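Single-letter residue listing:
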2 protein chains.
Amino acid sequence: MTISDVARLAGVSQGTASKALNGRGSISPETVRRVRDAADKLGYQANALARGLLAGRTWTVGLITTDSFGRFSIPVMQGAEDALGPGSMAVFLCDGRGDRIREQHYLRILLERRVDGIIVTGRRQDPRDPIGPAGAAGSAGLAGSSLPVPVVYAMAQSTNPGDLSLVPDDAQGGALAMAHLLNSGRTRIGHVTGPERFAAARLRARGAQRILAEAGLALHGGGPHHGEWTEEWGRQATDALLRSAPDTDAIFCGNDQIARGAADAVRETGRAVPDDVALVGFDNWEVMAAACRPPLTTVDMNLRELGRAAGERLLAGINGAPLSGVEKLPCSLVPRESSRSRR
Amino acid sequence: MTISDVARLAGVSQGTASKALNGRGSISPETVRRVRDAADKLGYQANALARGLLAGRTWTVGLITTDSFGRFSIPVMQGAEDALGPGSMAVFLCDGRGDRIREQHYLRILLERRVDGIIVTGRRQDPRDPIGPAGAAGSAGLAGSSLPVPVVYAMAQSTNPGDLSLVPDDAQGGALAMAHLLNSGRTRIGHVTGPERFAAARLRARGAQRILAEAGLALHGGGPHHGEWTEEWGRQATDALLRSAPDTDAIFCGNDQIARGAADAVRETGRAVPDDVALVGFDNWEVMAAACRPPLTTVDMNLRELGRAAGERLLAGINGAPLSGVEKLPCSLVPRESSRSRR
DNA sequence: ATGAAAGCGCTAACAG
DNA sequence: CTGTTAGCGCTTTCAT
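Computed from a predicted structure; not experimentally measured.

Enquirer: Tell me what's going on with the overall build of chain A, and back it up with residues and numbers.
Expert: Scanning chain A from N- to C-terminus turns up 13 helices and 14 strands. The C-alpha atoms of chain A give a radius of gyration of 26 Å, which is well past the 20 Å a tight globule of 343 residues would have. When the backbone C-alpha atoms are referred to their principal axes, chain A occupies close to 85 × 45 × 30 Å. Among the 343 residues that make up chain A, the fraction classed as buried is 54%. Residue pairs in contact within chain A that sit at least 24 positions apart in sequence constitute 77% of those at least 6 positions apart. For chain A, the accessible surface area stands at approximately 13900 Å², while carbon and sulfur atoms represent 52% of it. Charged side chains of chain A number 40 positive and 37 negative; the gap between the two group centres comes to 4 Å.

Put into structure tokens, the structure is as follows:
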């Protein structure tokens, strides 16, 4: 099933068939019709390998996720597809599973297949070594990636400032959550979050504390309470917080799992959410936020939007635009029951 | 960066360079070394497009997931990669998002790129139309897929019996759960599950009821209680069940979310899990099962194993083996706290 | 052991 | 408007 078969059936030359099918050159309408008919009858589909070989590009981009597709990578990937698909670019997804070896392997696979560009995505914004031949990073300096194709990091950040990284603005998200709690009339607000080694935890806390300071307040019940990103920690820390600072009237939680644990703990001390204690989470992980009792107000990182931006940037890069720097994209607040104003 | 550049640098002909790099023909060790060195120095990587064009195959398989990569598709995909990767096949992942149009689109993309085979994966085992040109299904009859490459359905089932479908054995899984509860000394066992329109719900219930019948028992508190696959429904149905049949000593839940809701409901009636009421879930969705209080005993569908099997079957298909029929792969039980024997 | 040449399927440049 | 030809990068005969 090649274009020669189509040409033969239509009674024209190979070149004419190609032009007729691609709308290039000038071909009589009658011929176009005959060629199209022949192609349809034969179920002809152009061989993308031959086409790519000739054109020097493949209309394919690779997306490497450093950890398995999870709740962070998936929306990023969908956004990227939204941006790339309409221009009929295909996205070649690879799961690095957080393993450098696998990642190198996939990089190789992608480059061999001559993808036009690569998106690297992960689940943390802590800077990571750039993809590419190990050790090439340092030598590259500000010069951008040492790879033969443009690369965009999305929901991941390269330690090489010459690479373009797109990350959610965690500090702004934390500020958003805190401002919302203040607006709903709370003033004695605690903060329970994940491990301090995560940039996300530190930044969210910092943003929240800035807003609090602007209102002349500080975290109620002591500095950010760092622990695991789990429900278990949410319960435990909330329990301790309510014991040491019983008049706490709101808790900003570093993610939705912690918030859900917090909701259970609040309820189990005989208090009500949101009437006694308001809660705000982070991530807008639907299945968590919706199953929480009551449904959880939370911060959405707009990852799909971030993925879309990554796709657009990559397209620009493929067309020759320079790609570098770290860009922070805004989070937004999704209000639900858990932070309703009193009365 | 082509093989000619390598050949020139090594001072040999193109053909010799090719043989040296691929270990074909007979080439003097000395020449091999020179060519390898040249390739290394230049960072040469073969162009997979040119190679594929010539070979008529691409060492690439496509994986189309009918709904976004979620907790069902991901393990299947990983298993498939485990089976295919070592033979250095690349897996081209596509997210159909449950949309037939997108699916067609990706199928096209994959066939244009001349993948060697396709795996279709989903999250339900209810039979679905085969992929491929709409309407081609019926005419194909038992003849297998009308596509030019082999196809395997994994965690998805084609309505065309000529296609090969791999699904978890839900009935066996349900039986496993029920047998486990009986073994732990329970006899008054209820069943709360998802919508009846899901084959999974019906099959799990059927398997459970068969085991119960063999023990001379029947579902306690009435037939399978069908509802949503949500925590909310788990809470609601469990509450109703414990009201109408207060002596219930175990509940088999159709999935882990329902089980988690059930755990909350049991606790809120003043009963203890597992001392008063034992619980078993289904899916082994780690984040749910582990966050449940107490940790949830559940049935694992071994999806990774299923994915691996799909990859192996596809390889066989690519090598010419015929592929058809429906195969059910066994589930296994993951015991945790929620069903510990009393005393 | 090595080189020369053909050809995978396609598009583009150039003739006619 | 249509046909012919060259060549993308690679592997593979077939000579030498």
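Enquirer: I'd like a description of the sheet that holds strand β11 (residues 278-282) of chain A, backed by residues and values.
Expert: All names here are of chain A. On the basis of which strands lie adjacent, the open sheet formed by six strands has the order β9-β8-β10-β11-β12-β14 and mixed pairing. Looking at the sheet topology across the chains shown, the edges are occupied by β9 (225-226) and β14 (332-334). The sheet strands contacting helix α9 (residues 199-214) are β8 (189-193), β9, β10 (250-253) and β11, and the helix crosses β8 at an angle near 170°. Sheet strands in contact with helix α11 (residues 256-268) are β8, β10, β11 and β12 (297-300), and its direction is about 155° off that of β11.

Enquirer: Account for unusual backbone geometry, with residues named and values stated.
Expert: What is expected of a backbone is that most residues other than glycine have negative phi and most peptide bonds are trans. Of note, the amide linkage connecting B:V273 to B:P274 takes the cis form, showing an omega dihedral of 5°. Structurally, B:P274 is set in the loop between α11 (256-268) and β11 (278-282). Omega for the peptide link from B:R293 to B:P294 comes to -10°, which places this bond in the cis form. Of note in the backbone geometry, A:N284 takes a positive phi value of approximately 50° without being a glycine. For A:N284, the location among the structural elements is in the loop between β11 and α12 (286-291). Residue class for A:N284 comes out buried when judged on its relative accessible area of 11%. With phi around 60°, B:R114 is a residue other than glycine that occupies positive phi space. Considering the arrangement of structural elements, one finds B:R114 in the loop between α6 (100-112) and β3 (117-121). Look at B:R114 and you get partly exposed, because its relative accessible area is 26%.

Enquirer: Now, about the relation of the copies chain A and chain B: what can you tell me, with residues and values included?
Expert: In the superposition of chain A on chain B (RMSD 0.1 Å, axial shift 0.1 Å), the rotation amounts to 180°. Given the turn and translation reported, the copies of this chain are related as if by a two-fold rotation axis.

Enquirer: Requested: an account of the interface of chain A and chain B, with residues and values cited.
Expert: Between chain A and chain B, the residue contacts involve 46 residues of the former and 47 residues of the latter. Roughly 4000 Å² of surface becomes buried between chain A and chain B when both sides are summed, with 49% attributable to carbon and sulfur atoms. The three residues of chain A that bury the most area against chain B are A:Q45, A:L49 and A:R293, which together make up 16% of that side's buried surface. The tally of links between chain A and chain B comes to twelve salt bridges. As a salt-bridge pair, B:E81 and A:R97 come within 3.2 Å of each other at their nearest N and O atoms. One can count 26 residue pairs in polar contact (both at pLDDT 80 or more) joining chain A with chain B. Broken down by secondary-structure element, the contributors of at least two residues to the side of chain A that touches chain B are α4 (48-55), α5 (73-84), β2 (90-95), α6 (100-112), α10 (231-244), α11 and α12 of chain A. In terms of residue count, the dominant contributor to the side of chain A that touches chain B is α6(A) (six residues). Taken together, the residues of the side of chain A that touches chain B sort by class into 21 nonpolar, eight polar and 17 charged.

Enquirer: Please set out the protein's contact with DNA strand C residue by residue, giving values where relevant.
Expert: The environment of DNA strand C is made up of 24 residues, and the closest members are A:I3, A:Y44, A:L54, B:S26 and B:T31. When the atoms of DNA strand C within 4 Å of the protein are sorted by group, sugar and phosphate make up 62%. Here A:K19 contributes a side-chain N or O atom positioned 3.4 Å from a base nitrogen of DNA strand C. B:S13 has a polar backbone atom sitting 2.8 Å from a phosphate oxygen of DNA strand C. Of all elements in the fold, only α2 (14-22) and α4 of chain A together with α2 (14-22) and α4 (48-55) of chain B reach the threshold of two or more residues within the surface near DNA strand C. The element that contributes the greatest number of residues to the surface near DNA strand C is α2(A), accounting for five residues. Split by residue class, the surface near DNA strand C holds nine nonpolar, eleven polar and four charged.

What counts and how
Residues numbered from 1 in each chain as written. Chains lettered and ligands numbered in written order. Predicted model: local features only at pLDDT ≥ 70, side-chain atom pairs only at ≥ 80, totals over all residues. Heavy atoms only, no water. Helix = DSSP H or I, 4+ residues; strand = E, 2+ residues; numbered from the N terminus. Rg over C-alpha atoms; globule rule 2.2 N^0.38 Å. Buried < 20%, exposed > 50% of the residue type's maximum accessible area, 1.4 Å probe, protein only. Contact = heavy atoms within 4.5 Å. Areas by Shrake-Rupley, 256 points an atom, 1.4 Å probe, with all protein chains shown as cover. Lys, Arg positive; Asp, Glu negative; His and termini not counted. Charge placed at Lys NZ, Arg CZ, Asp CG, Glu CD. Pairing = 2+ DSSP bridges. Axes fitted to C-alpha atoms, helices over the stretch in contact; angles between N-to-C directions. Least-squares fit on C-alpha atoms with pLDDT ≥ 70 in both. Buried area = accessible area lost by both parts, 1.4 Å probe. Salt bridge = Lys/Arg side-chain N within 4 Å of Asp/Glu carboxyl O. Polar contact = N/O pair within 3.5 Å; in protein donor to acceptor, adjacent residues only side chain to side chain. Nonpolar A, V, L, I, M, F, W, Y, C, P; charged D, E, K, R; others polar. Near = heavy atom within 4 Å.

Read these as geometric descriptors, not functional statements.
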